[in-house]
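Chain and residue survey
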Amino acid sequence: MRKALVCQVDPVVSSQLRQDMKQHGWAIDACQGLLEMLRLLENNDYEFVVLGLTLRNVEIHTRLGAIRALDKHPKILLNMNDSEEFAPSSLMFDYPIIKGPLDTEKFLSAMQ
């Protein structure tokens, strides 16, 4: 089964995503904190990691640096809430962005 990690996404959304993606042959793990993300990355090989994009892009840069430091090479997707305004960032050009609440359709589309 293919695996993906979803970080900083609403727990209700990640729970529904887990159930839906199982039907498509995917196992989805979810986490909120950086330490939990690091533990999951160390113990698993993920094909994709979805990072919740926040107004504080510093946290995203920290998470990306941690993934690189672990010498892991998953494909990175960013999830951006529609209702928030974001200052332009180079991250928005470097990685695919999923806009709005994360759901199965958006996730599958972004993976292609």
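Right above here is the structure, for reference.
Residues numbered from 1 in each chain as written. Predicted model: local features only at pLDDT ≥ 70, side-chain atom pairs only at ≥ 80, totals over all residues. Heavy atoms only, no water.

Observations concerning the side chain of Thr 104
How we decide: Elements are defined by DSSP. Helices are runs of H or I of four residues or more, strands are runs of E of two residues or more, and each kind is numbered from the N terminus. Two residues qualify as a contact provided that any one of their heavy atoms is within 4.5 Å of a heavy atom in the partner residue.
Mapped onto the fold, Thr 104 is located in helix H5 (residues 104–110). Beyond its immediate stretch of four places on either side in the chain, Thr 104 contacts Leu 17, Asp 20, Met 21 and His 24.

Regarding the nonpolar core
We apply this condition: Among buried residues, the Ala, Val, Leu, Ile, Met, Phe, Trp, Tyr and Cys ones that are joined through side-chain atoms within 4.5 Å form a nonpolar core. Whether a residue is buried, partly exposed or exposed follows from its accessible area with a 1.4 Å probe, protein chains only, as a fraction of its type maximum: under 20%, in between, or over 50%, in that order.
Counting residues in each nonpolar core, the largest one holds 18 residues, and the members touching the most others are Leu 5, Met 37, Val 49, Leu 51 and Ile 76. Elements that contribute at least two residues to this core include exactly strand S1 (2–7), helix H2 (34–43), strand S3 (48–53), helix H3 (57–69) and strand S4 (75–80). The element that contributes the greatest number of residues to this core is H3, accounting for four residues. Look past the residues within four positions of Leu 51 in its chain and what remains in contact with it is Cys 7, Met 37, Ile 60, Arg 63, Leu 64, Ile 76, Leu 77, Leu 78 and Asn 79.

Side note on the environment of Glu 42
Relative to the helices and strands, Glu 42 resides in helix H2. Glu 42 sits in the exposed class, given a relative accessible area of 53%. Separated by 28 residues in the primary sequence, Glu 42 and Leu 70 place their C-alpha atoms 7.2 Å from one another. Other than its neighbours up to four places away in sequence, Glu 42 contacts Leu 70 and Lys 72.

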